[in-house]
Amino acid sequence: MGAVGLQTHIWANNTRTILLLAGFPVMLVGVIFGIQLIGMGVGLLPNSGGTLEQDIGLAVSMLAGTIPLALLVAAIWFAIAFFGNQAIVDGLTGARKVERSVEPQIYNLLENLAISRGLRTPTLRIIEKPELNAYASGLREGQYSVTVTRGLIEALDRDEMEAVLAHELTHVINKDVRTMVIASIFAGIITVLAELVFRSLFYVRSGRRDNKNGGPLLLIGFVIALIGFALAIVIRLMLSRTREFVADAGAVELTKNPDAMISALRKVSGHSQLKAPDELQGMFLDNQKEGFIDSLFATHPPIDKRIEALIRFGGGVDPGPWDGQALPAPATAVPLSG
């Protein structure tokens, strides 16, 4: 991607970030409004005693208290996400910070790549799981991290690992990582709230069903729950699939080795199913979904398409599918353990 295209990509990420931050309180107001309607429908909140329109009007009048509450919740969540986003991601994926003394070769690879771009070296983290995957996280300089799985360390040689680290570092350079973290964490909380609304439809034991408009109000609440889920999907779709092509190209630019990126992707393909919430999987090096419906909402392009782009525009060579054994490597490749 040319310089102008790359700058446009960064501007688009900045725009997405602003929209996410501005839209979050609005979405909260909507979800809380749905909770109010359901509360009225099951008798947990007072109703107007009149028509459905009057009940909805009463719920709207409650927004005078709802909006400040939504803004307060948004402010609290912003603070938690800003200062604790890495702890949240680590807790959900099982990642742990490692020092240079523990993984000196990987740390040195990451440090050299960061120095080559004048960046502060991101923190290195490892997930002790056999799946082959990686991701970058963090919101600002000094807070960025690059995480790899144990399976990836054991499967890749030095050049392939360098390519993967360069891929993740490109996400940092292009501001993808900031957008991904915000979208992942915010989409997660919106999904939780929407699920609460949905489940509350079945919570009627402690409420008094004395509202003649209870059925329609519950139906409206159900629609709001569906909208909440849809918004979470839209947020995930804001993570443009183009970012993975750009990060692959960035890895080639940093390492001058398209073959290493291609062979790394071949090894990752079919072995990347790391267990984590759907919102976080959008941050991963690879996140392939099975089935037609899932593919429509995929956060990543197919690996074959990424390899095709690397061959076409980077001049790389495809070693073919990986069967768990060592792939043919370039003569310059060095084992990671060497």
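This structure is a prediction, so every number in the text was calculated from the model and none was measured.

**Student:** Kindly report on the overall build of the protein chain, identifying the contributing residues and their values.
**Tutor:** Scanning the protein chain from N- to C-terminus turns up 13 helices and four strands. Of the contacts formed within the protein chain by residues at least 6 apart in sequence, a portion of 73% connects residues at least 24 apart. Within the structure as shown, the protein chain displays about 15600 Å² of accessible surface, and the carbon and sulfur contribution to it stands at 63%.

**Student:** Could you give an account of the sheet that holds strand 3 (residues 134–137), naming the residues involved and the relevant values?
**Tutor:** The four strands lie next to each other as 1-2-4-3, forming an open sheet whose pairing is mixed. Taken across any chain shown, the strands that pair with only one partner, and hence form the sheet edges, are strand 1 (95–97) and strand 3. Here the strands of the sheet are splayed against their neighbours by 25° on average, with no regard to which way each runs. Judged from the five bridges that link them, strand 2 (residues 123–127) and strand 4 (residues 145–149) form a sheet pairing that is parallel. What sits directly across from T123, in strand 4, is S145. Helix 3 (residues 63–93) contacts strand 1, strand 2, strand 3 and strand 4 of the sheet and is inclined by roughly 160° relative to strand 3. Here helix 6 (residues 158–173) sits on the sheet and contacts strand 3 and strand 4; the angle it forms with strand 3, its principal contact strand, is near 30°.

**Student:** Describe the environment of P68, and please don't skip the residues or the numbers.
**Tutor:** With respect to the helices and strands, the residue P68 is situated in helix 3. Residues P68 and P25, 43 residues apart in the sequence, show an inter-C-alpha distance of 9.7 Å.

**Student:** Break down a nonpolar patch on the surface for me, citing the residues and quoting the values.
**Tutor:** Where nonpolar side chains cluster on the molecular surface, the patch consists of L69, L72, V73, I76 and I80 and spans about 410 Å² of accessible area. On the secondary structure map, L72 appears in helix 3.

**Student:** Summarise the packing of aromatic side chains; cite the residues concerned and give the values.
**Tutor:** Following the criterion strictly, the structure yields two aromatic pairs and no others. The interplanar angle of 25° and the centroid separation of 5.5 Å between the aromatic rings of Y135 and F284 together place this pair among those described as stacked. Note that Y135 is positioned in strand 3 and F284 in the loop between helix 11 (278–281) and helix 12 (292–296), a separation of 149 residues in sequence.

**Student:** Now, about helix 9 (residues 242–255): what can you tell me, with residues and values included?
**Tutor:** Two residues of an α-helix separated by three or four positions point the same way, owing to the 3.6 residues in each turn. For helix 9, spanning 14 residues, the distance from its first C-alpha to its last is 20 Å, which sits close to the expected 20 Å at 1.5 Å a residue. Counting buried positions over the 14 residues of helix 9 gives 10, a clear majority of the element. Listed as buried for helix 9 are R243, E244, V246, A247, D248, G250, A251, V252, L254 and T255. Of the residues one or two after helix 9, K256 is the one with positive phi, at around 60°.

**Student:** Can you explain the pairing of strand 2? Please cite residues and give values.
**Tutor:** With respect to burial, strand 2 is a largely interior element, four of its five residues being buried. Across three bridges, the pairing between strand 1 and strand 2 is antiparallel. Directly across from K97, in strand 2, lies its bridge partner R125.

**Student:** Let's hear about the pattern of salt bridges: which residues, and what values?
**Tutor:** If you walk through the whole model with that rule in mind, you get 14 salt bridges. Two residues, E128 and R150, come together in a salt bridge whose shortest N-O distance is 2.8 Å. With a gap of 22 residues between them, E128 in the loop between strand 2 and strand 3 and R150 in helix 5 (residues 150–155) connect regions that are remote in the sequence. Classification of R150 by relative accessible area gives buried; the value is 18%. Between R243 and E244 there is a salt bridge, and its shortest N-O distance comes to 3.4 Å.

**Student:** Can you tell me about unusual backbone geometry, naming the residues and giving the values?
**Tutor:** Not every positive phi belongs to a glycine, and K175 is a case in point at roughly 70°. Position of K175 relative to the elements: it lies in the loop between helix 6 and helix 7 (176–200). By relative accessible area, K175 is classed as partly exposed at 30%. One non-glycine residue with positive phi stands out, namely K256, at about 60°. In this structure, K256 sits in the loop between helix 9 and helix 10 (258–268). Exposure remark for K256: the relative accessible area of 65% places this residue in the exposed category.

**Student:** Which residues make up the side chain of H167, and what are the values?
**Tutor:** Note on placement: H167 falls in helix 6. Side-chain polar atoms of H167 contact the side chain of E244, separated by 2.9 Å. Each residue touching H167, except ones within four places of it in the same chain, is listed here: E244, A247, D248, A251, M261, L285 and R306.

**Student:** Can you explain helix 3? Please cite residues and give values.
**Tutor:** The end-to-end C-alpha distance of helix 3, which contains 31 residues, comes to just 37 Å, noticeably less than the 45 Å that a straight helix rising 1.5 Å per residue would cover. G94 lies just past helix 3 and shows a positive phi near 80°.

**Student:** Run through the nonpolar core, naming residues and quoting values.
**Tutor:** Membership of the largest hydrophobic core comes to 37 residues, with the highest contact counts inside it found for V148, L152, M161, V164 and L165. Of all the elements in the fold, those that place two or more residues in this core are helix 4 (104–116), strand 2, strand 4, helix 5, helix 6, helix 9, helix 10 and helix 13 (303–314). Judged by nonpolar contacts, the second largest core, of 27 residues, contains A70, I127, L280 and F284.

Conventions used here
- Residues numbered from 1 in each chain as written.
- Predicted model: local features only at pLDDT ≥ 70, side-chain atom pairs only at ≥ 80, totals over all residues.
- Heavy atoms only, no water.
- Helix = DSSP H or I, 4+ residues; strand = E, 2+ residues; numbered from the N terminus.
- Contact = heavy atoms within 4.5 Å.
- Areas by Shrake-Rupley, 256 points an atom, 1.4 Å probe, with all protein chains shown as cover.
- Pairing = 2+ DSSP bridges.
- Axes fitted to C-alpha atoms, helices over the stretch in contact; angles between N-to-C directions.
- Patch = residues over 30% accessible without salt bridge, like charges linked within 9 Å, V, L, I, M, F, W, Y side chains within 5 Å.
- Salt bridge = Lys/Arg side-chain N within 4 Å of Asp/Glu carboxyl O.
- Phe/Tyr/Trp six-rings, centres within 6.5 Å; stacked < 30°, edge-to-face > 60°.
- Expected span 1.5 Å × (residues − 1).
- Buried < 20%, exposed > 50% of the residue type's maximum accessible area, 1.4 Å probe, protein only.
- Polar contact = N/O pair within 3.5 Å; in protein donor to acceptor, adjacent residues only side chain to side chain.
- Core = buried A, V, L, I, M, F, W, Y, C linked by side-chain atoms within 4.5 Å.

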